[in-house]
Amino acid sequence: MTKINLVDLDYENIRTSLLEYLKKQDTVKDLNFEGSAVNFLLDLLAYNTLFYAHYANMVSGEAFLDSAQLERSIVSLVKPLGYVLPTRTSAIARIQLFDVTNVATIKPFTVSVIGTNSDGIQSQFWNIDSVSVIEGNQTEFFSVYEGTYNVATYGGDGFDFPEQKILIPDLTLDVRTIRVSVQRANDEDFTYWTLVDTFSGGFIEPTSNLYSLERTSGGFVVKFRTTSSIEANLKSGDIVKLEYLSSNGSNGNFASNFTSVITPDGSGIVNIQPSFGGVDTPNLEEAKRIAPLVFSAQQRLVTKSDYRGFLAQLGYTEGVNVWGGEENSPAMHGRLLFTIRDITSSNNDVVSDIVAKLKERSIVTILPEYVTPKALTVRSTLSINYSPEDITISPEVAAQQIKQAIVDEFSNQEFNKSFSFSDASNVVQQFSGYNLNSITDWSLKFTVIPSTVVSTINFKNAIRKTTSSTESGFGVISTEFTSPYYESGTVQIRDLPIIFSSTSINPPSIGKLLLFAKSPEGVFNVDLSAQVGEVDYKTGVVKIYPSLSTTSFDLLVSPVNTNQITAKDEVYLILDLTVPTPTEI
């Protein structure tokens, strides 16, 4: 029997395979298969085979989370994992109310404010959680979510709930803002029910009233159930109230200057930061990554992946890094450290809320701790060569385009990124005829602000150390600034290593930070005999003593490794490159 080739599945190969099969078979002979009506049938069969091959491949691909591309497929695939794929995500702002009188607790959806962004677009924000009024007739800073408030009630006399579920036909709602309350037939007040899923955290009381949430093609389904008995489920006469916000996505970002719409009488508003986090469509790739993490956590936080999954459920899907205390430099055993790029202060209530939620689910011996993100500026000069017969753009234009391409690739504010000679070379080689010759003038920069306590700056990279006991400024140097130590002009920090005896066993690699003033020639070489800090060359940790400066200044260090600069933990890279016009070879 003639063999059939089922390997090649493009149109021409399918048609050729069918033609070769017909030529070799014995049933119909002496027929010109390429010049008769059979030729038309070959085209039709090849097209039909290709169509169904593509269809089968698409169907099989949509059946697995890793390869699914359609949003409706991902909605279905993540459902068994306990993950609800959002549609839109509301922007969040942080505000505080003051002069709040005659109210002890502010209920959900009873505070509404309007914020305006730089383009003049106004957005309305609501509280979705209860807020307590503390001493001084003020609240703590609390979150408000952008959106249009919606409320719907179901039930009453003669209304039954045979399926114990209600459809919310709104695909613009933010799933984080849904609040479900029920008034039993014999009760006067509504009672909030508890959302239960794989990331709620904590233990559910045996008699809790629970609901779950599922997404469908037409909206979201709220399913009711209790943990006590079937008799406790919704019954005729009960009234269900569903409250939620319909989000405007990214239009709610960067709003500030909040004014009151609905607040307790006489209260004022303090805004701590502009709104952020509004998203128009779900990130499908992010959902495929997060859903398995959410499922594996199973209401507890043990591994770093568990923490990442939970932070994602809180709305922090991008710009997040989590690492163990034993991985930190220096090590902090018993800690789980995390940072979020969009949160710049470790002293605000956003961080306090997140840490409190993490503590509820962390194991007893692990303490979650937030670390403020830091941007490490990498400064260097790139020397590029080119072959004139191979280039397609001029050297002057290439210098700018190469610089921008490298910055776009490695200054994307991602954690755990590195920058190396080979990384830059790969980008340069994308430009025809150009090659990276060398990278020189490496330095790493952090900005130091005035402080009344010791400032610890961790560059996460080893610092160069001179073998001379008199050469200052070899590894660490600062820009000029004003200081109470020297009132006659500006000063500069320069390092001076401590040189140990050659007979010392494993001496520490440390140095002093000294203060220098300008000479009459305008050079910072006048030693003021004042030690203002210390440096650990091996770990890259620099400490600045309290009350040193009255103005901010930049601290620059020369890295030991000039082949690769590493950013880890709370540090991300910003590139400040100098790219002169390439040189002809």
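Being a predicted model, the structure only gives us computed values, none of them experimental.

## Looking at the packing of aromatic side chains
Move 1: One pass over the full model with this rule turns up eleven aromatic pairs.
Move 2: The interplanar angle of 80° and the centroid separation of 5.7 Å between the aromatic rings of W193 and F224 together place this pair among those described as edge-to-face. Here W193 is found in the loop between β11 (191-192) and β12 (194-195), whereas its partner F224 is found in strand β14 (residues 219-226), with 31 residues between them in sequence.
Move 3: What makes F224 buried here is its relative accessible area of 5%.
Move 4: The cationic tip of K241 hangs over the ring face of F190; the distance from NZ or CZ to the ring centre is 4.7 Å.
Move 5: In this arrangement the basic side chain of R494 is found over the ring face of F516, its NZ or CZ atom lying 5.8 Å from the centre.

## Examining the pairing of strand β7 (residues 142-146)
Move 1: Counting buried residues along β7, four of its five residues qualify, which places the element largely inside the surrounding structure.
Move 2: Examined bridge by bridge, strand β1 (residues 92-98) and β7 share four bridges and lie antiparallel to one another. Its bridge partner lying in β7, A93 is registered against V144.
Move 3: Both strand β4 (residues 122-126) and β7 contribute to a ladder of two bridges, which runs antiparallel. Looking at β7, one finds that F125 is bridged to E146.

## Structural notes on the packing of helix α1 (residues 11-24) against helix α2 (residues 38-62)
Move 1: The contact between α1 and α2 brings their axes to 9 Å, and the two run at 130°. Regarding the angle of α1 to α2, the classification is oblique. For the crossing formed where α1 meets α2, the hand is right-handed. Across from Y11, I14, R15, L18, L19 and L22 in α1, the residues of α2 making contact are V38, N39, L42, D43, L45, A46, Y47, T49 and L50.
Move 2: Its residues placed into classes, the contact of α1 with α2 shows eleven nonpolar, two polar and two charged.

Calculation notes
Residues numbered from 1 in each chain as written. Predicted model: local features only at pLDDT ≥ 70, side-chain atom pairs only at ≥ 80, totals over all residues. Heavy atoms only, no water. Phe/Tyr/Trp six-rings, centres within 6.5 Å; stacked < 30°, edge-to-face > 60°. Helix = DSSP H or I, 4+ residues; strand = E, 2+ residues; numbered from the N terminus. Buried < 20%, exposed > 50% of the residue type's maximum accessible area, 1.4 Å probe, protein only. Lys NZ or Arg CZ within 6 Å of the ring centre and 35° of its normal. Pairing = 2+ DSSP bridges. Axes fitted to C-alpha atoms, helices over the stretch in contact; angles between N-to-C directions. Parallel < 35°, antiparallel > 145°, perpendicular 65-115°, else oblique. Left-handed = near helix turned anticlockwise from the far one by under 90°. Contact = heavy atoms within 4.5 Å. Nonpolar A, V, L, I, M, F, W, Y, C, P; charged D, E, K, R; others polar.

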